[in-house]
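# Coordinate analysis (summary)
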Amino acid sequence: MTFGYDGDGGLGDRLLAAVLRGEKTATSSLAVEYLGGDPLPRVGERLALTDHAGGIHGVVETTRVTIAPLAEVGDDVARDEGEGFAGAAQWREAHEAFWRGISALVRDDAGDPAWELREHEPVVVEWFRLERPAGHGDAALPVTERPTAR
């Protein structure tokens, strides 16, 4: 599970730190981003927790996965993403701005040059738990190789 990308202004580092503090237990991405061939997350997967440069910070286990229209993402997601959102409306506002800001990357990932963010855009929400921070026996746990969206 990777957070961040080159040029994200430190967003990935802040999200990663929230995971390590136990504040962030969910993450979301657009379903269209999986059209490039990445598999959808699966409950029970154990993934290396990495930064955008490939540094390993721990291991997480996927505990729940849902797919919901953007307009129906609820307060539980806003809370569990650990970014301080007051509720789903504030979460949607921030995520819509983010996804519109990276729309060229989403179009490239999806192979769809005409893609535009819609109100009912399917959103993949993945809940997880931090199994082990880096340096606490990560090598002993099997991890699944699954590239993840930004």
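Cut-offs used in this document
- Residues numbered from 1 in each chain as written.
- Predicted model: local features only at pLDDT ≥ 70, side-chain atom pairs only at ≥ 80, totals over all residues.
- Heavy atoms only, no water.
- Pairing = 2+ DSSP bridges.
- Helix = DSSP H or I, 4+ residues; strand = E, 2+ residues; numbered from the N terminus.
- Contact = heavy atoms within 4.5 Å.
- Axes fitted to C-alpha atoms, helices over the stretch in contact; angles between N-to-C directions.
- Salt bridge = Lys/Arg side-chain N within 4 Å of Asp/Glu carboxyl O.

## A few points about the sheet that holds strand β3 (residues 46–51)
An order of β1-β3-β4-β5-β2 is seen for the 5 strands of this open sheet, with the pairing classed as mixed. Strand pairing shows two members of the sheet lacking a second neighbour, β1 (2–3) and β2 (26–30), which therefore form its edges. The pairing of β3 with strand β4 (residues 56–69) spans 5 bridges and is classified as antiparallel. Counted as the bridge partner of T50 is I56 from β4. Contacts between helix α1 (residues 11–20) and the sheet are confined to β1, β3, β4 and β5 (122–133), with β3 contributing the most and set at about 135° to the helix.

## Describing the pattern of salt bridges
What the rule picks out here adds up to 12 salt bridges. One salt bridge connects R21 with E23, and the closest N-O pair in it is separated by 2.9 Å. Ionic pairing is found between E116 and R107, a salt bridge with its closest N-O pair at 2.8 Å. Beyond isolated ion pairs, a larger network of salt bridges with shared partners links R46, E61, R129 and E131.

Shape is all these values report; function is a separate question.
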